[in-house]
Amino acid sequence: MDSINKYDNIEKELPKLPKVLLNTIQSDVLEIKSVDKSCEKYLSACNKIPELKDAFYVVYSKYIKKRDHQYEKFIFLDKDGVEIFDVSGAKMELYGLLSCNNLSLSEEYKAFLAHPEQ
(Lines give C-alpha, C1' and ligand atoms only; values in the text may rest on other atoms or scores of the structure.)
Protein backbone atom coordinates (compact mmCIF):
# COMPACT_ATOMS: atom_id res chain seq x y z
CA MET A 1 0.00 0.00 0.00
CA ASP A 2 2.92 2.37 0.61
CA SER A 3 3.61 2.88 -3.09
CA ILE A 4 -0.05 3.13 -4.16
CA ASN A 5 -1.58 6.57 -4.63
CA LYS A 6 -5.21 6.69 -3.58
CA TYR A 7 -6.38 9.43 -5.97
CA ASP A 8 -5.50 10.00 -9.62
CA ASN A 9 -6.53 13.64 -9.89
CA ILE A 10 -5.92 15.14 -6.44
CA GLU A 11 -2.99 17.32 -7.55
CA LYS A 12 -5.00 18.66 -10.49
CA GLU A 13 -8.10 19.36 -8.37
CA LEU A 14 -6.17 20.74 -5.37
CA PRO A 15 -2.98 22.29 -6.80
CA LYS A 16 -2.09 24.15 -3.59
CA LEU A 17 -2.54 21.21 -1.22
CA PRO A 18 0.47 21.11 1.14
CA LYS A 19 2.77 18.15 0.41
CA VAL A 20 2.41 16.68 3.89
CA LEU A 21 -1.37 16.51 3.50
CA LEU A 22 -1.07 15.25 -0.07
CA ASN A 23 1.23 12.44 1.03
CA THR A 24 -0.91 11.39 4.00
CA ILE A 25 -4.09 11.43 1.92
CA GLN A 26 -2.48 9.53 -0.95
CA SER A 27 -1.14 6.90 1.46
CA ASP A 28 -4.63 6.54 3.01
CA VAL A 29 -3.53 7.73 6.46
CA LEU A 30 -5.93 10.69 6.29
CA GLU A 31 -9.20 11.08 4.41
CA ILE A 32 -10.53 14.05 2.44
CA LYS A 33 -14.19 14.86 1.77
CA SER A 34 -16.13 17.79 0.38
CA VAL A 35 -18.12 20.01 2.70
CA ASP A 36 -21.86 19.83 1.97
CA LYS A 37 -22.72 23.53 1.80
CA SER A 38 -26.42 22.86 1.32
CA CYS A 39 -27.10 21.02 4.57
CA GLU A 40 -28.63 22.58 7.65
CA LYS A 41 -25.69 21.52 9.80
CA TYR A 42 -23.30 23.52 7.58
CA LEU A 43 -25.46 26.64 7.73
CA SER A 44 -25.65 26.56 11.52
CA ALA A 45 -21.92 25.77 11.83
CA CYS A 46 -21.11 28.90 9.76
CA ASN A 47 -22.70 31.00 12.50
CA LYS A 48 -20.25 29.58 15.05
CA ILE A 49 -17.22 29.33 12.73
CA PRO A 50 -17.38 32.07 10.03
CA GLU A 51 -14.25 30.75 8.24
CA LEU A 52 -16.27 27.69 7.27
CA LYS A 53 -17.91 29.75 4.50
CA ASP A 54 -14.64 29.53 2.52
CA ALA A 55 -14.12 25.81 3.14
CA PHE A 56 -14.69 23.31 0.34
CA TYR A 57 -12.86 20.26 1.76
CA VAL A 58 -12.01 18.79 5.13
CA VAL A 59 -9.17 16.42 5.99
CA TYR A 60 -9.58 14.06 8.92
CA SER A 61 -8.61 10.64 10.18
CA LYS A 62 -11.00 7.89 9.17
CA TYR A 63 -9.41 5.62 11.76
CA ILE A 64 -10.39 7.57 14.87
CA LYS A 65 -13.52 6.19 16.48
CA LYS A 66 -16.50 8.50 16.95
CA ARG A 67 -16.07 8.49 20.75
CA ASP A 68 -12.52 9.86 20.30
CA HIS A 69 -13.28 12.63 17.78
CA GLN A 70 -13.01 15.23 20.53
CA TYR A 71 -9.23 14.70 20.42
CA GLU A 72 -8.94 15.06 16.65
CA LYS A 73 -8.18 18.13 14.53
CA PHE A 74 -10.12 18.68 11.34
CA ILE A 75 -8.25 20.63 8.66
CA PHE A 76 -10.41 22.72 6.35
CA LEU A 77 -9.23 23.63 2.85
CA ASP A 78 -10.36 26.08 0.21
CA LYS A 79 -11.24 25.04 -3.35
CA ASP A 80 -7.55 24.93 -4.37
CA GLY A 81 -6.35 22.97 -1.33
CA VAL A 82 -4.99 25.87 0.72
CA GLU A 83 -5.33 25.30 4.46
CA ILE A 84 -7.85 27.81 5.82
CA PHE A 85 -8.15 26.74 9.45
CA ASP A 86 -8.36 23.74 11.70
CA VAL A 87 -10.81 23.00 14.43
CA SER A 88 -10.86 20.51 17.24
CA GLY A 89 -13.37 17.69 17.26
CA ALA A 90 -14.40 18.95 20.70
CA LYS A 91 -15.81 22.10 19.03
CA MET A 92 -17.38 20.51 15.98
CA GLU A 93 -18.65 17.21 14.59
CA LEU A 94 -18.28 16.27 10.94
CA TYR A 95 -21.21 13.85 10.87
CA GLY A 96 -23.83 15.15 8.45
CA LEU A 97 -21.50 17.83 7.09
CA LEU A 98 -19.67 15.81 4.46
CA SER A 99 -20.43 14.83 0.90
CA CYS A 100 -18.60 12.90 -1.78
CA ASN A 101 -15.76 14.66 -3.52
CA ASN A 102 -14.74 14.92 -7.15
CA LEU A 103 -11.52 12.98 -6.66
CA SER A 104 -11.03 9.80 -8.67
CA LEU A 105 -9.71 6.67 -6.98
CA SER A 106 -6.68 5.29 -8.80
CA GLU A 107 -6.92 1.91 -10.50
CA GLU A 108 -4.08 0.65 -8.26
CA TYR A 109 -6.03 1.64 -5.15
CA LYS A 110 -9.22 -0.03 -6.43
CA ALA A 111 -7.22 -3.22 -7.09
CA PHE A 112 -5.78 -3.02 -3.58
CA LEU A 113 -9.29 -2.70 -2.10
CA ALA A 114 -10.44 -5.70 -4.10
CA HIS A 115 -7.47 -7.82 -2.95
CA PRO A 116 -5.96 -6.29 0.23
CA GLU A 117 -4.07 -9.44 1.16
CA GLN A 118 -1.68 -9.10 -1.79
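As shown above, the structure is provided for reference.
Along each chain, numbering runs from 1 in the same order as the chain's sequence is written. Given that this is a predicted model, residues contribute local features only at a pLDDT of at least 70 and side-chain atom pairs are listed and counted only at 80 or more, while totals for whole chains, interfaces and linings are drawn from all residues. Only hydrogens and water are removed before side-chain values are computed, so all heavy atoms of the structure are retained for them.

Enquirer: Can you break down the side chain of serine 88 residue by residue, with the values?
Expert: The numbering of helices and of strands both runs from the N terminus, where a helix is a DSSP run of H or I of at least 4 residues and a strand a run of E of at least 2. Of note, serine 88 is situated in strand β4 (residues 83–88). Burial classification: accessible surface area is computed with a 1.4 Å probe over protein chains only, and a residue below 20% of its type maximum counts as buried, one above 50% as exposed, and the rest as partly exposed. On the accessibility criterion, serine 88 (17% relative accessible area) is buried. Each polar contact in these results corresponds to two N or O atoms within 3.5 Å; when the atoms are within protein, one needs to be able to donate a hydrogen and the other to accept it, and residues that are neighboring in sequence are counted only if both atoms are side-chain atoms. A polar contact is formed between the side chain of serine 88 and the backbone nitrogen of alanine 90, at a distance of 2.8 Å. Serine 88 has contacts with Gln70, Glu72, Lys73 and Phe74, leaving out every residue within four places of it along the chain. The criterion used for residue contact is that any of the two residues' heavy atoms lie within 4.5 Å.

Enquirer: So what about the nonpolar core? Which residues, and what values?
Expert: Grouped together as the largest cluster of nonpolar side chains are 17 residues, with contacts concentrated most on Leu52, Phe76 and Met92. Of all the secondary structure elements, the ones that give two or more residues to this core are α3 (40–48), β2 (57–60), β3 (73–77) and β4. Residue contributions to this core peak at three residues, all from α3. Setting aside residues up to four positions removed in sequence, leucine 52 forms contacts with Lys37, Tyr42, Ala45, Cys46, Phe76, Phe85 and Met92. Core analysis: the next-biggest nonpolar cluster, separate from the first, contains 14 residues, Tyr7, Ile10, Leu22 and Leu103 among them. Here, nonpolar core means buried Ala, Val, Leu, Ile, Met, Phe, Trp, Tyr and Cys residues that are tied together by side-chain atoms lying within 4.5 Å of each other.

Enquirer: Describe the pattern of salt bridges, listing the residues and the values that go with them.
Expert: Criterion for a salt bridge: a side-chain nitrogen of Lys or Arg within 4 Å of a carboxyl oxygen of Asp or Glu. This model, assessed by the stated rule, comprises eight salt bridges. Among the salt bridges present, the one from glutamate 31 reaches lysine 6, with a minimum N-O distance of 2.7 Å. Linking glutamate 31 in strand β1 (residues 31–35) with lysine 6 in the segment before α1 (10–13), this pair joins segments that are 25 residues apart in sequence. Accessibility expressed as a relative area gives 7% for glutamate 31, which makes it buried.

Enquirer: Quick rundown of the sheet that holds β1? Include the residues and the values.
Expert: Across the sheet, which stays open at both edges, the five strands sit in the order β4-β3-β2-β1-β5 with antiparallel pairing between neighbours. Lying at the two open borders of the sheet, with one neighbouring strand each, are β4 and β5 (98–99). Two strands are counted as paired when DSSP detects at least two bridges linking them. Examined bridge by bridge, β1 and β2 share four bridges and lie antiparallel to one another. Counterpart to glutamate 31 in the pairing with β2 is tyrosine 60.

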